[in-house]
Amino acid sequence: MIKKWYYVLLWMIIASCSQNSQVKNPDSLASELIIFHAGSVSVPVKEVISEFNKEYPNIKVFTEIAGSLECARKISDLKKPCDIFISADYKVIENILYPDYANWIAQFATNEMVVAYNDKSLYANEITDKNWTSIIAKPKVEIGRSEPNSDPCGYRTIHTLKLAENFYKISGLANTIIQRSAKNIRPKEVDLLALLETNNIDYLFIYKSVAVQHKLKYIELPDEINLSNRDFNEQYNTVFVNLKGKTPNEQIEQRGEAIIYGLTMPMNGQNKNATILFLQFLLNPEKGLKIFDKEGQKPILKPKAIKFDNIPDELKKLVEEK
C-alpha cells in the first residue's frame with residue numbers, strides 16, 4: 001500500500017512539473033506593460049504592439065505619447081512608472097536619465113529631416129529641392145515646428161536651418177524662419193499635422209518617416225543638412241541649441257548629430273519579464289525592426305548598445321556593443 005501511494009505521489013509531482021515547465025514566464029502571461037514613446041514612432045509602435053499581442057494576448061500594453069524630453073522628465077521628475085522608453089534621440093536618455101533612472105541604451109533606428117507640405121500649401125506647385133529656402137521665407141508662408149525643450153524634432157529643426165544657412169550661404173535664414181514660426185510651435189512634431197491639414201500652416205520640418213506614414217508631400221534635403229548621415233557628424237556638430245537641463249538653472253548645449261533613436265528599460269519599471277519579451281520582439285530584425293522598416297523608418301538591424309554590460313542577458317544576442 002505504501003509503495004502504491006508513493007508512486008501515485010511521484011506521478012503527481014512529475015505531471016505538475018511537466019505542466020509548469022511549459023510556462024516560461026508565468027507572471028508575464030497576464031500582466032501590463034507601460035511604454036513612453038516619441039510621437040514620431042506612434043505608427044510603427046502601434047503595429048508592433050498589435051503583432052506582439054498575437055503572440056502574447058494576455059499582456060496589456062499601455063502607451064504614453066509625448067516629446068522625448070517630456071517623456072524623460074516624466075520618469076526623472078515626476079517619478080512615473082515606465083517599463084520601456086523609446087526616444088527619438090538616444091542622447092535624451094544619456095543626458096536626462098543616465099545613470100540614476102536608466103543604465104543602458106540601445107540605438108535601434110535612424111531618420112532624416114524633410115520639409116513637408118500638402119496640396120493646399122502656398123506655392124505647393126512651385127517648391128522644389130532647389131528653391132525651398134526662398135519659398136519658406138516668403139512673407140505669407142506659415143511654417144510650423146515643434147518645441148525644442150520637449151521634442152528632439154524641435155531642436156533638430158533649428159540644427160537643420162542653421163546648417164542650411166551655412167550650406168546655401170544665405171545670411172539670416174535660420175533666425176528669420178525661427179522667429180516667423182514661433183507662433184506655430186507645438187509640443188511634438190505630430191501635433192503639427194492637424195495644423196497642416198486645416199491649412200493653418202503651409203510647411204513644417206518633420207521626420208521623413210512621419211511624412212511617409214501620413215502620405216504628405218515633402219522636399220528631401222541634402223545629406224549635409226538633413227541629419228541622416230553619420231559621415232557628416234563633424235559638420236552637423238558645428239551648430240547647437242541650448243536646452244533646459246536636469247535642474248532649472250542648468251542648460252544643455254545640444255549640438256547637431258545624425259539622427260539615432262534609442263530605447264531603454266527605466267529602473268522604475270514594474271514588469272521586467274513582460275518588458276524583456278516585448279523588447280525581444282521589437283529588436284528582432286524579422287519582427288519589430290521589420291515593421292519600422294515597412295513604415296519608412298530605417299532600422300539598425302544590429303542595434304548598437306551603450307553600456308552593454310548592463311543590458312539583460314536575454315537581450316544581448318540582439319544587440320552589439322557600441
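What counts, and where the lines are drawn
- Residues numbered from 1 in each chain as written.
- Predicted model: local features only at pLDDT ≥ 70, side-chain atom pairs only at ≥ 80, totals over all residues.
- Heavy atoms only, no water.
- Phe/Tyr/Trp six-rings, centres within 6.5 Å; stacked < 30°, edge-to-face > 60°.
- Helix = DSSP H or I, 4+ residues; strand = E, 2+ residues; numbered from the N terminus.
- Buried < 20%, exposed > 50% of the residue type's maximum accessible area, 1.4 Å probe, protein only.
- Lys NZ or Arg CZ within 6 Å of the ring centre and 35° of its normal.
- Axes fitted to C-alpha atoms, helices over the stretch in contact; angles between N-to-C directions.
- Left-handed = near helix turned anticlockwise from the far one by under 90°.
- Contact = heavy atoms within 4.5 Å.
- Nonpolar A, V, L, I, M, F, W, Y, C, P; charged D, E, K, R; others polar.
- pLDDT = per-residue confidence, 0-100.
- Pairing = 2+ DSSP bridges.

Peer 1: Would you mind showing me how to read the packing of aromatic side chains here?
Peer 2: The geometry of two aromatic rings is summed up by the distance between their centres and the angle between their planes. Counted under the stated rule, the structure contains eleven aromatic pairs. Judged by centre distance (6.5 Å) and plane angle (80°), the ring pair of Phe 108 and Tyr 261 falls under edge-to-face. Taken together, the residues span a long stretch of sequence, with Phe 108 in strand S4 (residues 105-110) and Tyr 261 in strand S12 (residues 260-264) at a distance of 153 residues. The buried category is assigned to Phe 108, whose relative accessible area is 0%. When the centroid spacing of 6.3 Å and the interplanar angle of 35° are considered together, the rings of Phe 232 and Tyr 236 count as tilted. Assessed through its relative accessible area of 22%, Phe 232 is described here as partly exposed. Lys 74 extends its terminal NZ or CZ atom over the ring of Phe 36, reaching a point 5.7 Å from the ring centre. One Lys or Arg, Lys 138, reaches over the ring of Tyr 123 and ends 5.2 Å from the middle of that ring.

Peer 1: Looking at this model, I keep getting lost on the packing of helix H2 (residues 42-55) against helix H12 (residues 272-282). Mind explaining?
Peer 2: The axes of two packed helices give the description: the angle between them and the distance between them. At their nearest, the axes of H2 and H12 sit 10 Å apart, and the two run at 115° to each other. Crossing geometry of H2 relative to H12 is assigned as right-handed. For the pair formed by H2 and H12, the contact residues are Val 48, Ile 49, Glu 51, Phe 52 and Glu 55 on the first element and Leu 277, Phe 278 and Phe 281 on the second. Class assignment of the residues belonging to the contact of H2 with H12 gives a composition of six nonpolar, no polar and two charged.

Peer 1: I keep staring at the confidence of the model for the chain and nothing clicks. Help me out?
Peer 2: In regions of low pLDDT, the predicted coordinates are not meant to be interpreted in detail. In this model, the chain carries an average pLDDT of 91, and 91% of its residues clear a pLDDT of 70 or more. Segment residues 1-28 is flagged for pLDDT under 50; beyond a separation of four residues in sequence, or across chains, it makes eight contacts in the model.

Peer 1: Is there a simple way to explain the pairing of strand S5 (residues 113-117) in this structure?
Peer 2: The side chains of a regular strand alternate, first on one face of the sheet and then on the other. Counting buried positions along S5 yields five of five residues, so the element is predominantly enclosed. Burial of the side chains of S5 extends over both faces: Met 113, Val 115 and Tyr 117 are buried on one face and Val 114 and Ala 116 on the other. Pairing of S5 with strand S8 (residues 203-207) involves four bridges; the strand directions are antiparallel. Bridge assignment links Val 114 to a residue of S8, and that residue is Ile 206. One ladder, built from four bridges, connects S5 with strand S9 (residues 217-220); its direction is antiparallel. Residue pairing for S9: Val 114 is matched across the bridge by Glu 220.

Peer 1: Mind showing me how you'd approach the packing of helix H6 (residues 152-168) against helix H7 (residues 173-180) here?
Peer 2: The geometry of H6 relative to H7 is characterised by a closest axis approach of 8 Å and an angle of 145° between their N-to-C directions. Side by side, H6 and H7 meet where Ile 158, Leu 161, Lys 162, Ala 164 and Glu 165 of the first sit next to Leu 173, Ala 174, Asn 175, Ile 177 and Ile 178 of the second. Here the residues of the contact of H6 with H7 sort into seven nonpolar, one polar and two charged.

Peer 1: Hey, could you run me through the sheet that holds strand S1 (residues 31-37) in this one?
Peer 2: Backbone hydrogen bonds hold the strands of a sheet together, and the pairing may be parallel or antiparallel. The strand order across the open sheet built from seven strands is S2-S1-S3-S12-S4-S13-S14, with neighbouring strands paired in mixed fashion. Both edges of this open sheet fall to strand S2 (59-65) and strand S14 (320-321), since each of them pairs with a single strand only. In terms of strand pairing, S4 meets S12 through four bridges, oriented antiparallel. Across the sheet, the residue bridging to Ala 106 is Leu 263, located in S12. Contacts between H12 and the sheet are confined to S1, S2, strand S3 (84-87), S4 and S12, with S1 contributing the most and set at about 55° to the helix.

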